[in-house]
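Here is how the chains run, residue by residue.
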Amino acid sequence: MARDSQVLDLNASYAYLLWCRDFAGTSIVATVDGRPAGFVTGYLRPDHPDVLMVWQVAVDAEHRGRGLAGRMLHELADRVGTPYLETTITPDNDASVALFTRFAADRGAALTREPVFDAGQFPDAHQTELLFRIGRIRPARTGGDHEEGS
(Lines give C-alpha, C1' and ligand atoms only; values in the text may rest on other atoms or scores of the structure.)
Protein backbone atom coordinates (compact mmCIF):
# COMPACT_ATOMS: atom_id res chain seq x y z
CA MET A 1 0.00 0.00 0.00
CA ALA A 2 2.83 2.41 0.84
CA ARG A 3 4.50 1.66 -2.50
CA ASP A 4 1.24 1.97 -4.42
CA SER A 5 0.43 5.33 -2.81
CA GLN A 6 3.21 6.89 -4.93
CA VAL A 7 3.53 9.53 -2.20
CA LEU A 8 4.98 7.76 0.84
CA ASP A 9 8.66 7.09 1.40
CA LEU A 10 9.28 3.36 1.16
CA ASN A 11 10.81 1.28 3.90
CA ALA A 12 12.14 -2.26 3.68
CA SER A 13 9.59 -4.98 4.39
CA TYR A 14 11.72 -5.80 7.44
CA ALA A 15 11.17 -2.27 8.78
CA TYR A 16 7.40 -2.65 8.42
CA LEU A 17 7.50 -6.00 10.28
CA LEU A 18 9.52 -4.41 13.09
CA TRP A 19 7.06 -1.51 13.16
CA CYS A 20 4.12 -3.93 13.49
CA ARG A 21 5.84 -5.66 16.39
CA ASP A 22 7.20 -2.63 18.27
CA PHE A 23 4.60 0.07 17.56
CA ALA A 24 1.33 -1.87 17.26
CA GLY A 25 -0.16 0.17 20.11
CA THR A 26 0.37 3.44 18.24
CA SER A 27 -0.55 2.22 14.77
CA ILE A 28 -3.76 0.99 13.16
CA VAL A 29 -4.77 -1.15 10.18
CA ALA A 30 -8.24 -0.96 8.66
CA THR A 31 -9.65 -4.00 6.93
CA VAL A 32 -12.56 -4.39 4.55
CA ASP A 33 -13.87 -7.92 4.02
CA GLY A 34 -10.82 -9.27 5.86
CA ARG A 35 -8.29 -7.53 3.60
CA PRO A 36 -6.09 -4.53 4.50
CA ALA A 37 -7.62 -1.30 3.21
CA GLY A 38 -5.48 1.30 4.98
CA PHE A 39 -3.03 1.97 7.77
CA VAL A 40 -1.67 4.69 10.02
CA THR A 41 1.75 4.20 11.62
CA GLY A 42 2.79 6.25 14.61
CA TYR A 43 4.82 6.29 17.79
CA LEU A 44 5.14 8.24 21.01
CA ARG A 45 8.03 10.68 20.84
CA PRO A 46 10.67 9.46 23.31
CA ASP A 47 11.44 12.99 24.53
CA HIS A 48 7.75 14.00 24.53
CA PRO A 49 5.58 10.98 25.46
CA ASP A 50 2.47 13.18 25.36
CA VAL A 51 2.87 13.50 21.56
CA LEU A 52 1.67 10.91 19.07
CA MET A 53 3.91 11.26 16.01
CA VAL A 54 2.11 10.00 12.91
CA TRP A 55 4.64 8.63 10.44
CA GLN A 56 2.56 7.35 7.52
CA VAL A 57 -1.09 7.26 6.45
CA ALA A 58 -2.07 5.10 3.49
CA VAL A 59 -5.37 4.01 2.00
CA ASP A 60 -5.59 1.45 -0.79
CA ALA A 61 -6.70 3.05 -4.07
CA GLU A 62 -9.92 1.02 -4.06
CA HIS A 63 -10.98 2.58 -0.75
CA ARG A 64 -9.96 6.22 -1.22
CA GLY A 65 -12.50 9.03 -1.06
CA ARG A 66 -14.63 7.34 1.60
CA GLY A 67 -13.21 9.00 4.72
CA LEU A 68 -11.20 5.94 5.81
CA ALA A 69 -8.01 7.91 6.55
CA GLY A 70 -9.90 10.28 8.84
CA ARG A 71 -11.67 7.47 10.66
CA MET A 72 -8.38 5.65 11.26
CA LEU A 73 -6.73 8.83 12.52
CA HIS A 74 -9.58 9.56 14.94
CA GLU A 75 -9.64 5.94 16.15
CA LEU A 76 -5.90 5.95 16.74
CA ALA A 77 -5.98 9.30 18.56
CA ASP A 78 -8.79 8.02 20.80
CA ARG A 79 -6.93 4.79 21.54
CA VAL A 80 -3.58 6.42 22.31
CA GLY A 81 -5.10 9.36 24.20
CA THR A 82 -2.24 11.86 23.95
CA PRO A 83 -3.11 15.55 24.07
CA TYR A 84 -0.88 16.32 21.06
CA LEU A 85 -0.37 14.86 17.61
CA GLU A 86 2.42 15.69 15.18
CA THR A 87 3.16 14.73 11.62
CA THR A 88 5.35 16.04 8.82
CA ILE A 89 3.99 16.86 5.38
CA THR A 90 5.56 18.20 2.21
CA PRO A 91 3.89 21.40 0.99
CA ASP A 92 2.57 19.75 -2.19
CA ASN A 93 0.73 16.92 -0.41
CA ASP A 94 -2.75 18.44 -0.56
CA ALA A 95 -4.52 15.27 0.63
CA SER A 96 -2.46 15.06 3.84
CA VAL A 97 -2.73 18.78 4.49
CA ALA A 98 -6.53 18.48 4.19
CA LEU A 99 -6.66 15.33 6.36
CA PHE A 100 -4.74 16.80 9.29
CA THR A 101 -6.38 20.24 9.00
CA ARG A 102 -9.79 18.55 9.13
CA PHE A 103 -8.69 16.38 12.08
CA ALA A 104 -7.61 19.46 14.06
CA ALA A 105 -10.91 21.22 13.31
CA ASP A 106 -12.95 18.12 14.26
CA ARG A 107 -11.13 17.96 17.60
CA GLY A 108 -11.29 21.70 18.31
CA ALA A 109 -7.49 21.77 18.47
CA ALA A 110 -4.96 24.38 17.42
CA LEU A 111 -2.83 23.58 14.39
CA THR A 112 0.60 25.06 13.81
CA ARG A 113 2.90 24.49 10.83
CA GLU A 114 6.61 25.16 10.59
CA PRO A 115 9.54 23.73 8.65
CA VAL A 116 11.18 20.88 10.53
CA PHE A 117 13.57 19.51 7.87
CA ASP A 118 14.70 21.82 5.09
CA ALA A 119 15.18 20.33 1.61
CA GLY A 120 18.92 20.97 1.95
CA GLN A 121 19.15 18.61 4.93
CA PHE A 122 18.18 15.57 2.85
CA PRO A 123 20.93 13.63 1.04
CA ASP A 124 18.59 13.09 -1.92
CA ALA A 125 16.01 15.15 -3.79
CA HIS A 126 13.35 15.77 -1.16
CA GLN A 127 11.09 18.70 -0.43
CA THR A 128 11.07 20.54 2.86
CA GLU A 129 8.99 18.73 5.48
CA LEU A 130 6.58 20.87 7.47
CA LEU A 131 5.83 19.90 11.06
CA PHE A 132 2.10 19.96 11.74
CA ARG A 133 1.49 20.13 15.51
CA ILE A 134 -2.08 19.62 16.68
CA GLY A 135 -3.26 20.07 20.23
CA ARG A 136 -4.63 20.03 22.76
CA ILE A 137 -6.77 17.29 21.24
CA ARG A 138 -10.26 17.14 22.65
CA PRO A 139 -12.03 13.79 22.97
CA ALA A 140 -14.08 12.73 19.98
CA ARG A 141 -17.67 13.84 19.97
CA THR A 142 -20.10 10.94 20.07
CA GLY A 143 -21.59 10.70 16.60
CA GLY A 144 -19.08 13.32 15.44
CA ASP A 145 -17.96 14.23 11.97
CA HIS A 146 -15.59 11.30 11.68
CA GLU A 147 -18.31 8.71 12.19
CA GLU A 148 -19.24 8.55 8.50
CA GLY A 149 -20.28 5.25 6.96
CA SER A 150 -17.91 2.44 6.08
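Being a predicted model, the structure only gives us computed values, none of them experimental.

Caption draft 1: Quick peek at the layout of surface pockets. When its volume is computed, the second largest pocket comes out at roughly 330 Å³. Lining the second largest pocket are 15 residues, and of these Tyr16, Cys20, Val29, Phe39 and Thr41 lie nearest its centre. Of all elements in the fold, only helix H2 (13–22), strand S1 (28–32) and strand S2 (35–45) reach the threshold of two or more residues within the lining of the second largest pocket. The class makeup of the residues in the lining of the second largest pocket is 11 nonpolar, four polar and no charged.

Caption draft 2: Structural view of the packing of aromatic side chains. According to the stated counting rule, one finds five aromatic pairs in the structure shown. Ring centres 6.5 Å apart and planes at 70 degrees place the aromatic pair Tyr16 and Phe39 in the edge-to-face group. You can see Tyr16 sitting in helix H2 and its partner Phe39 sitting in strand S2, a full 23 residues away along the chain. Classification of Tyr16 as partly exposed rests on a relative accessible area of 22%. For Phe39, a relative accessible area of 12% gives the class buried. Centre to centre, the rings of Trp19 and Phe23 are 4.7 Å apart; their planes meet at 50 degrees, and the pair counts as tilted. Judged by its relative accessible area of 18%, Trp19 is buried. Taken together, the ring pairs in this structure connect Trp19, Phe23 and Tyr43 into an aromatic cluster. In this structure, Arg133 is placed above the aromatic ring of Tyr84, and the distance from its NZ or CZ to the ring centre is 4.4 Å.

Caption draft 3: Broad picture of the sheet that holds strand S5 (residues 110–117). In spatial order, the strands read S1-S2-S3-S4-S6-S5; together these six strands make up an open sheet with mixed pairing. This sheet does not close on itself; its edge strands, each paired only once, are S1 and S5. Neighbour-to-neighbour, the strand axes of this sheet turn through a mean angle of 25 degrees, independent of strand direction. For strand S4 (residues 84–89) and strand S6 (residues 129–135), the ladder comprises six bridges, and the chain directions are antiparallel. From the neighbouring strand, Glu86 faces S6, where its bridge partner is Arg133.

Caption draft 4: Representation of the environment of Val32. With respect to the helices and strands, Val32 occurs in strand S1. You can call Val32 partly exposed: its relative accessible area is 33%. Taking the C-alpha atoms as reference points, Val32 and His63, separated by 31 residues in sequence, lie 8.9 Å from one another.

Caption draft 5: Geometry of the nonpolar core. Within the largest apolar cluster, 25 residues are counted, with the highest numbers of intra-cluster contacts made by Leu73, Leu85, Phe100 and Ile134. Elements with a minimum of two residues in this core: S1, S2, strand S3 (48–59), helix H3 (68–80), S4, helix H4 (94–106) and S6. Sorting elements by how many residues they give to this core places H3 first, with six residues. With sequence-adjacent residues up to four places away left out, Leu85 is seen in contact with Leu52, Val54, Leu73, Phe100, Phe103, Phe132, Arg133, Ile134 and Ile137.

Caption draft 6: Molecular detail of the side chain of Thr82. Looking at the secondary structure, you find Thr82 in the loop between H3 and S4. Thr82 sits in the buried class, given a relative accessible area of 11%. A distance of 3.5 Å separates a polar side-chain atom of Thr82 from the backbone nitrogen of Leu52. In contact with Thr82, not counting residues within four places along its chain, are Leu44, Pro49, Asp50, Val51, Leu52, Ala77 and Ile137.

About the thresholds
Residues numbered from 1 in each chain as written. Predicted model: local features only at pLDDT ≥ 70, side-chain atom pairs only at ≥ 80, totals over all residues. Heavy atoms only, no water. 1 Å grid on protein atoms, 1.4 Å probe; cavity = no way out; pocket = protein on both sides within 12 Å on 5 of 7 lines; lining within 4 Å. Points joined across faces, edges and corners; volume = space filled by probe spheres on them. Helix = DSSP H or I, 4+ residues; strand = E, 2+ residues; numbered from the N terminus. Nonpolar A, V, L, I, M, F, W, Y, C, P; charged D, E, K, R; others polar. Phe/Tyr/Trp six-rings, centres within 6.5 Å; stacked < 30°, edge-to-face > 60°. Buried < 20%, exposed > 50% of the residue type's maximum accessible area, 1.4 Å probe, protein only. Lys NZ or Arg CZ within 6 Å of the ring centre and 35° of its normal. Pairing = 2+ DSSP bridges. Axes fitted to C-alpha atoms, helices over the stretch in contact; angles between N-to-C directions. Core = buried A, V, L, I, M, F, W, Y, C linked by side-chain atoms within 4.5 Å. Contact = heavy atoms within 4.5 Å. Polar contact = N/O pair within 3.5 Å; in protein donor to acceptor, adjacent residues only side chain to side chain.

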